[in-house]
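Notes for the structure review
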Amino acid sequence: MATDITPHPDEVLARQPAGYWTGAAHRTIVGRIRAELAVDDLTQPHWWILNHVAGAPARWDRPGLIRRLARFDDLGTDFDAVLDDLLARGWLTPSPQPAGTPVFTLTEAGEAGRARAAERTQQAHAQMHQGITTEQYAAALTVLRRMIANLDGDAELP
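To start, this report covers the structure provided alongside it. (Residues numbered from 1 in each chain as written. Predicted model: local features only at pLDDT ≥ 70, side-chain atom pairs only at ≥ 80, totals over all residues. Heavy atoms only, no water.)

1. Looking at the side chain of Arg114
The following threshold applies: We count a stretch as a helix when DSSP gives it H or I for four or more residues in a row; a strand needs E for two or more, and each element gets its number in order from the N terminus. Whether two residues are in contact is decided by their heavy atoms: any pair within 4.5 Å suffices.
Tracing the sequence through the fold places Arg114 in helix H6 (residues 108-128). The contacts of Arg114, once residues within four sequence positions are left out, are Trp47, Leu50, Asn51, Ala54, Trp91 and Leu106.

Listed below in structure tokens is the structure:
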């Protein structure tokens, strides 16, 4: 159940530091997602890899995945080690390519692990969205994207 928040006039809220609130949101939301993933001894980079490979089986090779995912990383992740961990668990399997590095597909165990993690992260997302309409959520993201673009950041969807 959502915790009630103290209402404040728009004039008061408009003077609040966006950096503080975006940081607090990041720490709370990402912290919850990371905690849910840790139940299966997964990190967020494990999750990213599993979802990319599940979404495009036999498309992603090691260098391509690392290039794609490095932009989201805030932990200094050794993506080679994460990929090696998923291979050692038997969650990914490499498929050799005639002219290039092997591409990955999920194994049955990998899909089962991804599905378990997806269920837990979906519960966290559902809790986060309590009391927020789709329109409100979209408006919040639009405002954040505008702030990022105004400061010459990358405001495009990942």
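Past the structure itself, the notes keep going.
2. Section: the packing of aromatic side chains
What counts here: Paired rings are identified among Phe, Tyr and Trp, the last through its six-membered ring, by centres lying within 6.5 Å, and are further divided according to the angle between planes into stacked (under 30 degrees), edge-to-face (over 60) and tilted (the rest). Buried, partly exposed and exposed residues are distinguished by accessible area as a fraction of the type maximum, computed with a 1.4 Å probe on protein chains only: under 20%, between the cut-offs, and over 50%, respectively. Two conditions define a charge located above a ring, namely a distance within 6 Å from the ring centre to NZ of Lys or CZ of Arg, and an angle within 35 degrees of the ring normal.
If you walk through the whole model with that rule in mind, you get three aromatic pairs. For the pair Tyr20 and Trp21, a centre-to-centre distance of 4.8 Å together with 85 degrees between the ring planes defines the contact as edge-to-face. For Trp21, a relative accessible area of 46% puts it in the partly exposed group. An aromatic cluster is defined as three or more aromatic residues linked by ring pairs; in this entry it consists of Trp48, Phe72 and Phe79. Over the ring of Trp91 we find Arg89, and its NZ or CZ is 5.1 Å from the ring centre.

3. Remarks on the pattern of salt bridges
Where we set the bar: Here, a salt bridge means any Lys or Arg side-chain nitrogen found within 4 Å of an Asp or Glu carboxyl oxygen.
Counted by the stated rule, this structure contains 10 salt bridges. Between Asp154 and Arg71 there is a salt bridge, with its nearest N and O atoms 3.3 Å apart. Residue Asp154 is located in the segment after helix H7 (134-150), and its partner Arg71 is located in the loop between helix H4 (62-70) and helix H5 (79-89); the two are separated by 83 residues in the primary sequence. For Asp154, a relative accessible area of 51% translates into the label exposed. With relative accessibility at 47%, the residue Arg71 sits in the partly exposed group.

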